[in-house]
Amino acid sequence: QVQLVESGGGLVQAGGSLRLSCAASGSIASIGAMGWYRQAPGKQRELVGSINSDDSTNYADSVKGRFTISRDNAKNTVYLQMNSLKPEDTAVYYCNGNLMSLRGGRLRNDNYWGQGTQVTVSS
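Just so you know, these numbers come straight off a predicted model, no measurement behind them.

Chemist: Before we move on, can you summarise the pattern of salt bridges with the specific residues and values?
Modeler: All chains considered together, the criterion is met by 5 salt bridges. A cluster of three or more residues bridged by salt bridges with shared partners is formed by Arg 38, Glu 46, Arg 66 and Asp 89.

What follows is the structure in structure tokens.
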């Protein structure tokens, strides 16, 4: 089954760092444009940042300068390095992206969401 799985979430003190990983598994040919989202209770899911196939990145103003997205195409994995964490960064973080995969012997490009990983920043 083709899927995205996030890992690396946890509890960290304000000012600390976490590194999230999002690995694609299954019959993956390649990963395309990928994004990190987050959702706090009672709030809309928001885009944290994205990374394109050419490694270009975009970030929400709230995380710019603190978070860094990178990708390792050989591992079909994207990362979110989170530094200088603030309590307002507390949320479930989701990975989303386009995956090129094989299904029924055909190559196709589909969008997937990971299950999310909890990040809690204490003050």
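Chemist: Tell me what's going on with the nonpolar core, and back it up with residues and numbers.
Modeler: A general feature of soluble globular proteins is that nonpolar side chains tend to end up buried together. Met 34, Trp 36, Leu 80, Tyr 93 and Leu 99 are the most contacted members of the largest nonpolar core, which has 29 residues in total. For this core, the secondary structure elements donating two or more residues are β3 (18-25), β4 (28-39), β5 (46-51), β7 (67-72), β8 (77-82), β9 (91-103) and β11 (117-122). With near-sequence residues (within four places) excluded, Met 34 lies in contact with Leu 4, Cys 22, Gly 49, Ser 50, Ile 51, Arg 71, Val 78, Cys 95, Asn 96, Gly 97, Asn 98 and Leu 99.

Chemist: Help me get a handle on a nonpolar patch on the surface, residues and values and all.
Modeler: On the surface, a nonpolar cluster with roughly 270 Å² of combined accessible area is contributed by Met 100, Leu 102 and Leu 107. Locating Met 100 in the fold gives a position in strand β9. Met 100 gets classed as partly exposed once you look at its relative accessible area, which sits at 30%.

What counts, and where the lines are drawn
Residues numbered from 1 in each chain as written. Predicted model: local features only at pLDDT ≥ 70, side-chain atom pairs only at ≥ 80, totals over all residues. Heavy atoms only, no water. Salt bridge = Lys/Arg side-chain N within 4 Å of Asp/Glu carboxyl O. Core = buried A, V, L, I, M, F, W, Y, C linked by side-chain atoms within 4.5 Å. Buried < 20%, exposed > 50% of the residue type's maximum accessible area, 1.4 Å probe, protein only. Helix = DSSP H or I, 4+ residues; strand = E, 2+ residues; numbered from the N terminus. Contact = heavy atoms within 4.5 Å. Patch = residues over 30% accessible without salt bridge, like charges linked within 9 Å, V, L, I, M, F, W, Y side chains within 5 Å. Areas by Shrake-Rupley, 256 points an atom, 1.4 Å probe, with all protein chains shown as cover.

Geometry only, nothing functional implied.
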